[in-house]
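Descriptive structure summary
In case you want the letters, here they are:
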Amino acid sequence: MTPQEVLAMCRENDVKAIDFRFMDFPGLWQHISIPVGKLTENVFEDGLGFDGSSIRGWQAINESDMLLMPQPDTAMIDPFCELKTLVMICNVQDPITHEDYTRDPRNICRKAANYLKSTGVADTCYIGPEAEFFIFDDVRFDQTPQASFFYIDSIEAEWNRGTDTRALGRGPNLGHKLRHKEGYFPCPPADQMNDLRAEMMQTMIDCGLDIECQHHEVATAGQAEIDMKFEEMVKMGDQQCLFKYIIKNVAHKHGKTVTFMPKPLFSDNGSGMHTHISFWKNGDPLFAGNGYAGLSDYAMYGIGGILKHAGALLAFTNPTTNSYKRLVPGYEAPVNLAYSQRNRSAACRIPMYSPSPKAKRIEFRCPDPSANPYLAFSALMMAVLDGIQNKIDPGEPLDKDIYDLSPEELAEVPKTPGSLEASLEALSKDHEFLLRGDVFTEDVISTWINYKTVNEVEALALRPHPYEFCMYYDM
């Protein structure tokens, strides 16, 4: 779509406002709106100025002036605004040099895609994320100097079997609650979120997303998954932003709330984002071959790159302190750095649903949906590419349930970092592969590590935890 076609789209749809969207450093969509009459062809060339100093992880106050550069091919009508609004995703530029801003996550993803082409290894990286999430009926939380708590509720949760819901204004309690770890996937009335997920799915389709399925996930309390068809890396980053936006707003419209936190519930499954990746060149898949699980040498080397750089990768694919309450040995998440066909207890899995060469891909099972998609997809692609360029051997596959290994066997299997602090330490020691092609920069790496350390790792470490009172109050 060209700028002229965007202007025509505004006239044809009686658009009243233009909303510019962009991504902050940690991974939350931001926006600013203008009246439709202020959108001219010059805006696409000159950009729209804004203050970057107020955006998390961005410029200091003395370098705060920045430009939003709307991308016409991302134009769509917002399905939620009362005033007819057209949305465009923007790149971010320096207003003096007009160079793309190095800390703009979308710019990093664009550079990664271009660098892949420049190497001659492949011309396209396809990404297919499976982002899980929870739909809750109520959430309350607070942290003050003398108090800390969180409280969540869900009408379909197991803990509401004995609740007098009439006293809460919800009508009678009709039972059909989902037991812990049994949400995959009973029909309604036990699955009380089907209609809501269906509306989310249809809204995504109406907005141009190619949706493959929707279903309840394993956990009680409204855990869900909606899957998009794989797409080119930058476009999938854009789509992941829209995906979250639609899910949160459909839920909000119905008086419910959604979280993409990896582990909001104790004693039940957390939310992951199993991420599928494949390289293609001239329209041909490069990961199909005659090797293990029907993979090519490129795919095997790509697995080697993921396993080698997994510690550093997790700083971007599992970027919150809460991420590591899901990545716990012996529970549902794959913390063992191994690969296997079909085996879901391995960090890297090779799906075997289809014999088609076009279906051959690597599934990295560690990531979670708290990740900034542009940064996570870029880092994953760079690890795979490094594996191919340096022919990194992934070792032998582990075609057995890793959780059933003997302690002696399990001790030989490398593990993911056990905390965000450990992942950031791994990133500080292992990021040369991310710097190639100027995709990530030393400034981006150091800023990410510093931001996450100060605002998350240290912030959490300084505060008493409610469970510490259960353990230590009577000491």
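Residues numbered from 1 in each chain as written. Predicted model: local features only at pLDDT ≥ 70, side-chain atom pairs only at ≥ 80, totals over all residues. Heavy atoms only, no water.

**Looking at the overall build of the protein**
- Secondary structure assignment for the protein yields 13 helices and 18 strands.
- For the protein, whose C-alpha radius of gyration is 23 Å, the value lies close to the compact-globule estimate of 23 Å for 475 residues.
- If one aligns the C-alpha atoms of the protein with their principal axes, the spans along those axes are about 65 × 60 × 50 Å.
- For the protein, with 475 residues in total, the buried portion stands at 53%.
- Contacts spanning at least 24 positions in sequence make up 67% of the contacts within the protein whose residues lie at least 6 apart.
- Roughly 21,700 Å² of accessible area belongs to the protein as shown, and the carbon and sulfur atoms make up 52% of that amount.
- Treating the 44 positive side-chain charges of the protein as one cloud and the 67 negative ones as another, the clouds have centres 4 Å apart. (Helix = DSSP H or I, 4+ residues; strand = E, 2+ residues; numbered from the N terminus. Rg over C-alpha atoms; globule rule 2.2 N^0.38 Å. Buried < 20%, exposed > 50% of the residue type's maximum accessible area, 1.4 Å probe, protein only. Contact = heavy atoms within 4.5 Å. Areas by Shrake-Rupley, 256 points an atom, 1.4 Å probe, with all protein chains shown as cover. Lys, Arg positive; Asp, Glu negative; His and termini not counted. Charge placed at Lys NZ, Arg CZ, Asp CG, Glu CD.)

**Quick look at the packing of helix α10 (residues 420-429) against helix α12 (residues 442-461)**
- For the pair α10 and α12, interaxial distance at closest approach is 10 Å and the crossing angle is 165°. Here α10 is positioned roughly antiparallel relative to α12, judged by the angle of their axes. The two elements α10 and α12 cross, and the hand of that crossing is left-handed. Residues L420, E421, L424, L427 and S428 of α10 form the contact with α12, whose own contacting residues are I445, W448, I449, K452, T453, E456 and V457.
- Here the residues of the contact of α10 with α12 sort into 7 nonpolar, 2 polar and 3 charged. (Axes fitted to C-alpha atoms, helices over the stretch in contact; angles between N-to-C directions. Parallel < 35°, antiparallel > 145°, perpendicular 65-115°, else oblique. Left-handed = near helix turned anticlockwise from the far one by under 90°. Nonpolar A, V, L, I, M, F, W, Y, C, P; charged D, E, K, R; others polar.)

**Let's talk about the packing of aromatic side chains**
- Within the structure shown, the criterion is met by 18 aromatic pairs.
- Relative to W58, the ring of F50 has its centre 6.2 Å away and its plane inclined at 55°; by these criteria the two rings are tilted. W58 carries the same exposure label as F50, and that label is buried.
- Taking 5.5 Å as the distance between ring centres and 85° as the angle between the ring planes, the aromatic pair formed by Y126 and W280 counts as edge-to-face. Of this pair, Y126 sits in strand β7 (residues 124-136) while W280 sits in strand β14 (residues 273-281); the two residues are 154 residues apart in sequence, bridging distant segments of the chain.
- Above the plane of the ring of W29 lies R21, whose end atom (NZ or CZ) is 4.9 Å from the centre.
- Positioned above the aromatic ring of F230 is the side chain of K229, whose terminal nitrogen or guanidinium carbon lies 5.7 Å from the ring centre. (Phe/Tyr/Trp six-rings, centres within 6.5 Å; stacked < 30°, edge-to-face > 60°. Lys NZ or Arg CZ within 6 Å of the ring centre and 35° of its normal.)

**Some words on the pairing of strand β9 (residues 147-153)**
- Taken together, the 7 bridges between strand β8 (residues 138-144) and β9 define a ladder with antiparallel strand orientation. Of the residues in β9, the one forming a bridge with R140 is Y151.
- Turn length for the β8-β9 hairpin, with the two strands adjacent in sequence and antiparallel, is 2 residues. (Pairing = 2+ DSSP bridges.)

**Quick word on the nonpolar core**
- Among the nonpolar cores identified, the biggest contains 121 residues, and L39, M200, F279, M381 and F440 are the most heavily contacted of them.
- No other element matches the 12 residues that helix α8 (residues 373-389) contributes to this core.
- The contact partners of L39, leaving out residues within four places of it in the chain, are V6, L7, C10, I18, F20, I34, F44 and M88.
- The next biggest cluster of nonpolar side chains, apart from the first, holds 7 residues, and it includes F134, F136, A221 and L265. (Core = buried A, V, L, I, M, F, W, Y, C linked by side-chain atoms within 4.5 Å.)

**Some thoughts on the side chain of K360**
- In this fold, K360 is placed in the loop between β17 (348-350) and β18 (362-364).
- Of the side chains bearing the opposite charge, E363 lies closest to the buried K360, which forms no salt bridge; the N-O distance is 12 Å.
- Polar contacts involving the side chain of K360 include one to the main-chain carbonyl oxygen of A293, which spans 2.6 Å.
- Setting aside chain neighbours within four positions, we find K360 in contact with S278, F287, A288, A293, G294, L295, I350, P351 and M352. (Salt bridge = Lys/Arg side-chain N within 4 Å of Asp/Glu carboxyl O. Polar contact = N/O pair within 3.5 Å; in protein donor to acceptor, adjacent residues only side chain to side chain.)

**Digging into the pattern of salt bridges**
- Applying the stated criterion across every chain yields a total of 23 salt bridges.
- Here E182 makes a salt bridge to R179, at a shortest N to O gap of 2.9 Å.
- You can call R179 partly exposed: its relative accessible area is 45%.
- Residue R365 is joined to E363 by a salt bridge in which the shortest nitrogen-to-oxygen separation is 2.9 Å. The exposure classification of R365 matches that of E363, with both residues buried.
- Connected through shared salt-bridge partners, D19, R21 and D78 make up one network.

**Topic: the layout of surface pockets**
- Of the voids in this model, the second largest pocket is the one considered here, and its volume is about 850 Å³.
- Together, 41 residues line the second largest pocket, and E130, E225, H274, H276 and E363 are the ones closest to its centre.
- Listed by contribution, the elements that provide at least two residues to the lining of the second largest pocket are β7, β10 (211-216), β11 (223-228) and β14. (1 Å grid on protein atoms, 1.4 Å probe; cavity = no way out; pocket = protein on both sides within 12 Å on 5 of 7 lines; lining within 4 Å. Points joined across faces, edges and corners; volume = space filled by probe spheres on them.)

**Digging into α10**
- Of the residues making up α10, those classed as buried are L420, S423, L424 and L427. Looking straight down α10, one finds its buried side chains confined to an arc of 100°; they lie on one side. Facing away from the buried surface of α10 by more than 90 degrees, the exposed residues are E421 and K429. (Arc of directions from axis to C-beta.)

**Looking at the packing of helix α6 (residues 297-308) against α8**
- The geometry of α6 relative to α8 is characterised by a closest axis approach of 6 Å and an angle of 120° between their N-to-C directions. As summarised for this structure, α6 and α8 are arranged oblique, according to the angle between their axes. Between α6 and α8 lies a crossing of right-handed hand. Contact with α6, carried on its side by Y298, Y301, G302, G305 and I306, involves L380, A383, V384, G387 and I388 of α8 and no other residues of that element.
- Among the residues forming the contact of α6 with α8, the class breakdown is 7 nonpolar, 3 polar and no charged.

**Concerning helix α7 (residues 310-317)**
- A large share of α7 lies buried, amounting to 8 of its 8 residues.
- Listing the buried residues of α7 in full gives A310, G311, A312, L313, L314, A315, F316 and T317.
- As for α7, its buried residues are in contact with α6, β18, α8, α10, α11 (432-435) and α12.

**Focus: the state of the cysteines**
- Counted under the stated rule, the structure contains 0 disulfides.
- With no disulfide of its own, C81 lies 11 Å from the sulfur of C207, the closest cysteine sulfur.
- On the accessibility criterion, C81 (34% relative accessible area) is partly exposed.
- Between C348, a cysteine without a disulfide, and C366, which holds the nearest cysteine sulfur, the sulfur-to-sulfur distance is 7.3 Å. (Disulfide = S-S within 2.5 Å.)

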